[in-house]
Amino acid sequence: MLQDLIQRITKIQVILFCLLFNYFLKAEVDYLGDFSFEGRYFLEDGFLFQENFHSSFTFSPEIYFESDDGKKSFTFKPKLRNDSQDEERDLIDIQELHWVLTGNAVESRIGIRKEFWGVTETFHRVDIINQTDSVESFDGEDKLGQPMINISLETLSGSIDFFALLGSRERTFAGRFGRLRTPIVVDTDHPIYESGAKNKRMDFAIRWVKFFDNLEMGLSHFSGTTREPELIEDLSTLTPRLIPKYNIIDQTGLEVLYILGGLAIKLEAITRSGQKDRFSAITSGFEYTQIGIFKSRLDLGWIIEFNHDDRIENSPTSLGTRLTFNNIADTQILAGILWNDNTNEKSTFLEASGRIGDCCKLSLEGIVFSKGSQKPNILDIQKYKSPFEYLENEDFLRLEFIYYL
Amino acid sequence: MFNLLKRFFLFILILNFNSFLVGDQNNYGLEILKKTDKNMSGYGDSQSRLVMQLINAKGEITERSMRSKLLEVEDDGDKSLFVFESPRAIKGTALLSYAHKVEPDDQWLYIPAIKRVKRIISKNKSGPFLGSEFSVEDLSFQEIEKFSYKYLRDEQYNNQDCFVVERVPLDPYSGYTKQLVWVDKTNYLIQKVELFDRKAFHLKSQFFRGYKRYLSSFWRPGEIEMINHQNGKSTILRIEEQSFQNGLTDSDFTQNSLKRSK
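Residues numbered from 1 in each chain as written. Chains lettered and ligands numbered in written order. Predicted model: local features only at pLDDT ≥ 70, side-chain atom pairs only at ≥ 80, totals over all residues. Heavy atoms only, no water.

Got a sec to walk through the overall build of chain A? Specific residues and values, please.
Tallying secondary structure elements over chain A gives 2 helices and 21 strands in all. For chain A, with 405 residues in total, the buried portion stands at 46%. For chain A, long-range pairs separated by at least 24 residues make up 55% of all intrachain contacts whose partners lie at least 6 apart in sequence. Accessible surface for chain A amounts to roughly 20,100 Å². Of this, 62% is attributable to carbon and sulfur atoms. (Helix = DSSP H or I, 4+ residues; strand = E, 2+ residues; numbered from the N terminus. Buried < 20%, exposed > 50% of the residue type's maximum accessible area, 1.4 Å probe, protein only. Contact = heavy atoms within 4.5 Å. Areas by Shrake-Rupley, 256 points an atom, 1.4 Å probe, with all protein chains shown as cover.)

Here it is in structure tokens:
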């Protein structure tokens, strides 16, 4: 019986190995990826005297190969990050390790992947498959790899994706010596899970997307471990801490994109239950691009987005502009402001980036926070109605140099 | 009174005659371009490797490489997928287009770094494409229905007898007010296009070279050059390798195929 099992396992392994070997023989292997250096300089001292200069290295190689004219492919992309100050910002993550098998109107993707949902630019309400690597960048667009089985069907009435998500990932939070952190440190080593299976719970999601000429629509549902943990205050230990609590949630999302001449009208809305009361959140706005401003080859894009979140008394509005130079170096300047009408809280950012030769890219970014009329209270997290209160002294400049392998 | 009537009739006559002449010129122009279109169609589908050379005013060259897949669609515009291979910073970036005969094209861009498919607003097609002298509009299919035509004259170009036809884009969001097209009389192939911007200024010239006939039915140029007269820059798009009738289908031109293109 046992021998039989062992034999069977070895057989499967041998077959898998042969398949892999077959892949290697048939396909040309692509080695890609990048290596980057980042320096961040904070203009003011941290409230707990954290350092002002933080640097980090990130190495993210990628192996890719395909066969059958791209109908079958394999991707492996780990990510390693080392930070000079904050060990919570060190990272070893498998961003991608998956096979893709393409049939006629069906695609199966098995393994660790990244999957993006949504249409808006400043807040991503609907996007939920991957956990956010929140310490990587301030915009929250960097994600951790998610193990899954994803079947994607292309039908006449749109494409439908089914996801079985094998476990979940914990959000990253800055540590004791990190910057851009909550006044009380988040203890990522002792998270609380609602599910008995903790982070091994199998979650499910489904998404339907269809486009009709000028209209694109998406409807999705996610049932599983939340990606956005509640932070529970724990004052029982010597040093107070915040403990992330991962509830089981149900979230339904709607995405709409409508193109009216040169204007894109966007909407993302969710309703979520499982974390305290059911709530809704909406981000909606416009995008417009002026082509060839000042009789030049420069384009100037405008974005304005409004937010609503049942959990917050008043949500901020964001305005962004993007100046595209349309040159060989792909130079871009992004500027934006996020403000709250009622509290006068503001964050302003400017980011310039461009390629250097064919190998490299340089970007420079600066963010200034202004807490507005709220009074900070370092000891009581519940009184923080908005994140900007503790970001008041966290204005920073960031320089990133990327070398593409 | 009689005089007035006579003048009125004369006026009507001239008007009719004029419109007859204009109509004829328009039809002749349309017929010529229809023939060039027919010469390019019937390929079914194609797969190519392309090299784009960006040449600045000093003559310095920067190269980009990409792959493309095209699918001929009956009774509508063709479908295309362009995938960038270099520079490495944008490798995997891909552009999917569904051209339409009259309606604006549907286009999506895939950004691999954030795994995001973004719809391109079709109005924004007149700007430079990837720092090149081609705009998205220049690289789109020039469907017959997207222009009005007027035959202008016969002219020698490159030792070839050519027709010169003016075509005016019907799309109000086009970056051009008019285009002059040189079509050779032997094979009915577009040899040169002069592009006039919104201020009717002769902005760019496009040259088609190295035409070859494939599968003894349709023609393809080996190289397209775009010269910008305003900034002195030019871009050469060279087709390194191409194959036809590979059996591509609609499912090779979906958002999923956009995401899996590397």
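Tell me what's going on with the packing of aromatic side chains, and back it up with residues and numbers.
Counted by the stated rule, this structure contains 22 aromatic pairs over all chains. When the centroid spacing of 5.0 Å and the interplanar angle of 55 degrees are considered together, the rings of Phe74 of chain A and Trp99 of chain A count as tilted. Taken as a pair, Phe74 of chain A in strand S3 (residues 72-83) and Trp99 of chain A in strand S4 (residues 91-102) lie far apart in primary sequence, 25 residues in all. By relative accessible area, which is 11% here, Phe74 of chain A ends up buried. Of the residues examined, Trp99 of chain A reaches a relative accessible area of 31% and is grouped as partly exposed. An aromatic cluster is defined as three or more aromatic residues linked by ring pairs; in this entry it consists of Phe35, Phe37, Phe57 and Phe59 of chain A. Lying across the ring of Phe196 of chain B, Lys178 of chain B places its NZ or CZ 4.8 Å from the centre. The ring of Trp182 of chain B is capped by Lys192 of chain B, whose NZ or CZ atom sits 4.3 Å from the centre of that ring. (Phe/Tyr/Trp six-rings, centres within 6.5 Å; stacked < 30°, edge-to-face > 60°. Lys NZ or Arg CZ within 6 Å of the ring centre and 35° of its normal.)

Account for the side chain of Thr283 of chain A, with residues named and values stated.
All names here are of chain A. Counting through the fold element by element, Thr283 comes out in strand S15 (residues 276-290). There is a polar contact of 2.8 Å between the side chain of Thr283 and the side chain of Arg125. A distance of 2.7 Å separates the side chain of Thr283 from the side chain of Asn307, its partner in a polar contact. (Polar contact = N/O pair within 3.5 Å; in protein donor to acceptor, adjacent residues only side chain to side chain.)

Quick rundown of the interface of chain B and chain A? Include the residues and the values.
Of the residues lining the interface, 41 residues belong to chain B; the matching set on chain A comes to 51 residues. For the interface between chain B and chain A, the tally reads 10 salt bridges. Contributing elements (two or more residues each) for the side of chain B that touches chain A: strand S1 (45-55), strand S2 (61-71), strand S5 (106-111), strand S6 (116-120) and helix H3 (255-260) of chain B. Residues that form the side of chain B that touches chain A fall into these classes: 12 nonpolar, 13 polar and 16 charged. (Salt bridge = Lys/Arg side-chain N within 4 Å of Asp/Glu carboxyl O. Nonpolar A, V, L, I, M, F, W, Y, C, P; charged D, E, K, R; others polar.)

Explain a nonpolar patch on the surface to me, using residue names and the numbers behind them.
All names here are of chain A. Taken together, the side chains of Phe35, Phe57, Phe59, Leu80, Ile92, Ile356, Leu362, Leu364, Leu399, Phe401, Tyr403 and Leu405 define a hydrophobic patch exposed on the protein surface, amounting to about 1,000 Å² of accessible area. Breaking the nonpolar patch down by element, the ones donating at least two residues are strand S2 (53-67), strand S20 (360-370) and strand S21 (396-404). Of the residues forming the nonpolar patch, the biggest block, 3 residues, is contributed by S21. Note that Leu362 resides in strand S20. Exposure remark for Leu362: the relative accessible area of 34% places this residue in the partly exposed category. (Patch = residues over 30% accessible without salt bridge, like charges linked within 9 Å, V, L, I, M, F, W, Y side chains within 5 Å.)

Hey, could you go over empty space enclosed by the protein for me, with residue numbers and the actual values?
Empty space left among the atoms is revealed by rolling a probe the size of a water molecule over them. Residue and element names in this part refer to chain B. This model, assessed by the stated rule, comprises 2 cavities of 30 Å³ or more. Taken as a whole, the largest cavity spans an internal volume of roughly 190 Å³. Around the largest cavity, the lining is made up of 16 residues, and of these Lys125, Glu137, Ser140, Lys146 and Asp171 lie nearest the centre. In terms of residue class, the lining of the largest cavity is made up of 6 nonpolar, 5 polar and 5 charged. Here the second largest cavity is characterised by a volume of approximately 60 Å³. (1 Å grid on protein atoms, 1.4 Å probe; cavity = no way out; pocket = protein on both sides within 12 Å on 5 of 7 lines; lining within 4 Å. Points joined across faces, edges and corners; volume = space filled by probe spheres on them.)

Outline the pattern of salt bridges, listing residues and values.
Pairing is possible between side chains that carry opposite charge, provided their charged atoms lie close to one another. Using the criterion set out here, one finds 54 salt bridges over all chains in the structure. Here Asp161 of chain A and Arg109 of chain A are joined by a salt bridge, their closest N and O atoms 3.3 Å apart. Taken as a pair, Asp161 of chain A in strand S7 (residues 158-166) and Arg109 of chain A in strand S5 (residues 106-113) lie far apart in primary sequence, 52 residues in all. By relative accessible area, Arg109 of chain A is classed as buried at 2%. The salt bridge partner of Glu121 of chain A is Lys118 of chain B, with a shortest N-O separation of 3.2 Å.

If you had to explain the pairing of strand S17 (residues 317-324) of chain A to someone new, which residues and values would you point to?
All names here are of chain A. With 6 of 8 residues buried, S17 is to be regarded as a mostly interior element. When S17 meets strand S18 (residues 332-339), the two strands line up antiparallel, connected through 8 bridges. Within S18, the residue paired with Gly320 across the bridge is Gly336. (Pairing = 2+ DSSP bridges.)

So what's going on with the side chain of Lys266 of chain A? Residues and values would help.
Examined against the element boundaries, Lys266 of chain A turns out to sit in strand S14 (residues 263-274). The exposure class of Lys266 of chain A is buried, given its relative accessible area of 4%. Discounting residues that sit within four places of it in the chain, Lys266 of chain A has contacts with Val119, Thr120, Glu121, Val256, Leu257, Thr283, Ser284, Gly285, Glu287 and Glu305 of chain A together with Lys118 of chain B.

Which residues make up the environment of Leu30 of chain B, and what values go with them?
All names here are of chain B. Structurally, Leu30 is set in helix H1 (residues 2-40). Take Leu30: its relative accessible area is 21%, and that puts it in the partly exposed class. Each C-alpha atom, one on Leu30 and one on Ile239, is 28 Å from the other, the two residues being 209 residues apart in sequence. In contact with Leu30, not counting residues within four places along its chain, are Ile144 and Tyr149.

Account for unusual backbone geometry, with residues named and values stated.
Cis geometry marks the peptide bond from Ser86 of chain B to Pro87 of chain B, where omega comes out at 0 degrees. Mapped onto the secondary structure, Pro87 of chain B falls in the loop between strand S3 (79-86) and strand S4 (94-98). The phi angle at Ala105 of chain A is positive, at roughly 70 degrees, despite the residue not being glycine. Along the chain, Ala105 of chain A turns up in the loop between S4 and S5.

Talk me through the state of the cysteines; I want residue IDs and the actual numbers.
Residue and element names in this part refer to chain A. The final tally for this structure, using the stated rule, is 1 disulfide over all chains. Bridging Cys359 to Cys360, the disulfide has an S-S length of 2.4 Å. Where Cys359 bonds to Cys360 through sulfur, the torsion about that S-S bond is close to -85 degrees, and the disulfide is left-handed. With relative accessibility at 7%, the residue Cys360 sits in the buried group. (Disulfide = S-S within 2.5 Å.)

Got a sec to walk through the confidence of the model for chain B? Specific residues and values, please.
Atomic detail in the predicted coordinates should be set aside for any region of low pLDDT. Averaged over every residue, the pLDDT of chain B is 88; the share at 70 or more is 91%. The secondary-structure element of chain B with the lowest mean pLDDT is H1 of chain B, recorded at 71, while strand S14 (residues 223-228) of chain B shows the highest, at 96. (pLDDT = per-residue confidence, 0-100.)

Break down the sheet that holds strand S11 (residues 230-234) of chain A for me, citing the residues and quoting the values.
All names here are of chain A. Sheet architecture is open: 3 strands sit in the order S8-S12-S11, paired in mixed fashion. Unpaired on one side and paired on the other, strand S8 (192-193) and S11 mark the two borders of the sheet. Two elements, S8 and strand S12 (residues 241-246), share 2 bridges in a ladder whose sense is parallel. In the sheet register, Tyr193 faces S12, and the bridge partner there is Tyr246.

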